[in-house]
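# Examining the three-dimensional arrangement
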Amino acid sequence: MATTTYTVKGMTCGHCVSSVKTEIGKIDGVTSVDVDLATGAVRVDSAAPLAEADVVAAVDEAGYEVAV
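Residues numbered from 1 in each chain as written. Predicted model: local features only at pLDDT ≥ 70, side-chain atom pairs only at ≥ 80, totals over all residues. Heavy atoms only, no water.

On to the packing of helix H1 (residues 14–25) against helix H2 (residues 52–62). H2 packs onto H1 with a crossing angle of 140 degrees between their chain directions and a minimal axis gap of 8 Å. It follows that H1 is oblique to H2 by the angle criterion. Judged by the sense of rotation from one axis to the other, the crossing of H1 with H2 is right-handed. Listed contacts from H2 to Ser19, Val20, Glu23 and Ile24 of H1 are Val55, Ala58, Val59, Glu61 and Ala62. Taken together, the residues of the contact of H1 with H2 sort by class into six nonpolar, one polar and two charged. (Axes fitted to C-alpha atoms, helices over the stretch in contact; angles between N-to-C directions. Helix = DSSP H or I, 4+ residues; strand = E, 2+ residues; numbered from the N terminus. Parallel < 35°, antiparallel > 145°, perpendicular 65-115°, else oblique. Left-handed = near helix turned anticlockwise from the far one by under 90°. Contact = heavy atoms within 4.5 Å. Nonpolar A, V, L, I, M, F, W, Y, C, P; charged D, E, K, R; others polar.)

In this structure, serine 19 sits in helix H1. With a relative accessible area of 18%, serine 19 lands in the buried category. Those residues in contact with serine 19, other than ones at most four positions away along the chain, are Ala62 and Tyr64. (Buried < 20%, exposed > 50% of the residue type's maximum accessible area, 1.4 Å probe, protein only.)

The sheet built from four strands is open, its strands ordered S2-S3-S1-S4 with antiparallel pairing. Each of the sheet's edge strands pairs with one partner strand only, and the pair in question is strand S2 (30–36) and strand S4 (65–66). Bridge count for strand S1 (residues 2–9) against S4 is two bridges, and the pairing is antiparallel. Bridging from a neighbouring strand, lysine 9 pairs with glutamate 65 of S4. Together, S1, S2 and strand S3 (41–46) form the strand contacts of H1, whose direction differs from that of S2 by roughly 160 degrees. (Pairing = 2+ DSSP bridges.)

Within this numbering scheme, the UniProt entry marks residues 2–67 as carrying the feature "domain: HMA" (unreviewed entry). This span, residues 2–67, is 35% helix and 35% strand, and a straight line between its end C-alpha atoms measures 20 Å. (UniProt positions renumbered as here; feature names shortened; annotations may be inferred.)

A few words now on the pattern of salt bridges. A complete count under the given rule lists four salt bridges for this structure. Where glutamate 65 meets lysine 9, a salt bridge forms, and the shortest distance between an N and an O atom there is 3.7 Å. Separated by 56 residues along the polypeptide, glutamate 65 in strand S4 and lysine 9 in strand S1 bring together distant segments of the chain. (Salt bridge = Lys/Arg side-chain N within 4 Å of Asp/Glu carboxyl O.)

Here is the structure:
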């Protein structure tokens, strides 16, 4: 099991949170996604470590940006 936290910029509402959770949740191996709207923190639990590029692409697909 692996847990990684990312900071996502641009989320302003519950719909934003839902979009990010849905897109990241589509990545193979992801077991849960928790989003803190106030801080932009996104915690991703997965069966094995994920490629950061996959998470960045999923967040981009949702319309937001991972802070580097």
